[in-house]
Amino acid sequence: MPSHRANAHGTACEYVLAEKYNVDLDRANWRDGVRDGTPWEFKATAHRHADDTPGNFKIYREYHERLVEEGGRYGFAVYRIRGTGTEVLKTTTRAASRLPTVRWHGGGEHRGTEQAKLAIEDVF
């Protein structure tokens, strides 16, 4: 799927997460919103990709470390494409400091930091 389509689905999930968890969208490079002074970062992934591989959440080290320092939270959403729309299948939230252990690696160069991938089953 072209990245602009993935971005459209991710943005749709952000709106769902913001409403569900009562987060005011206030985007910065390291967070997507704030609720009662707590920063939140939203992550979304397709349940399965077009090649039938399972989705995963990408987190970026620099932003994650800042979120942990600030006592922030993640909101996660798993979606599937329905026609031209986005169907959110499930959501959850977790303190940034309580993510499973991750392996940082390259691949986040466009963000100027390392990245890690979390499998759906590691979050839910």
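Residues numbered from 1 in each chain as written. Predicted model: local features only at pLDDT ≥ 70, side-chain atom pairs only at ≥ 80, totals over all residues. Heavy atoms only, no water.

(A) Geometry of the side chain of K43. As for its placement among the helices and strands, K43 is situated in strand β3 (residues 38–46). Each residue touching K43, except ones within four places of it in the same chain, is listed here: L17, F57, K58, I59, Y60, Y74, G75, F76 and A77. (Helix = DSSP H or I, 4+ residues; strand = E, 2+ residues; numbered from the N terminus. Contact = heavy atoms within 4.5 Å.)

(B) Structural view of the nonpolar core. If you look at the biggest cluster of nonpolar residues, it comprises 15 residues, and the most contacted ones within it are F57, I59, Y74, F76, L99 and L118. Broken down by secondary-structure element, the contributors of at least two residues to this core are β4 (56–60), α2 (61–69), β5 (73–82), β7 (115–119) and α3 (120–123). The contact partners of F76, leaving out residues within four places of it in the chain, are L17, K43, F57, K90, T91, T92, R94, L99, L118, V123 and F124. Judged by nonpolar contacts, the second largest core, of 10 residues, contains L17, Y21, V23 and A46. (Core = buried A, V, L, I, M, F, W, Y, C linked by side-chain atoms within 4.5 Å. Buried < 20%, exposed > 50% of the residue type's maximum accessible area, 1.4 Å probe, protein only.)

(C) Expanded view of the pairing of β3. The element β3 is largely enclosed, with a buried count of seven among its nine residues. As defined by bridge partners, strand β2 (residues 31–35) adjoins β3 across three bridges and the pair is classed as antiparallel. Note on β3: the bridge partner recorded for R35 is T38. As consecutive antiparallel partners, β2 and β3 are separated by two residues, and within that stretch D36 has a phi angle of approximately 50 degrees, a positive value. (Pairing = 2+ DSSP bridges.)

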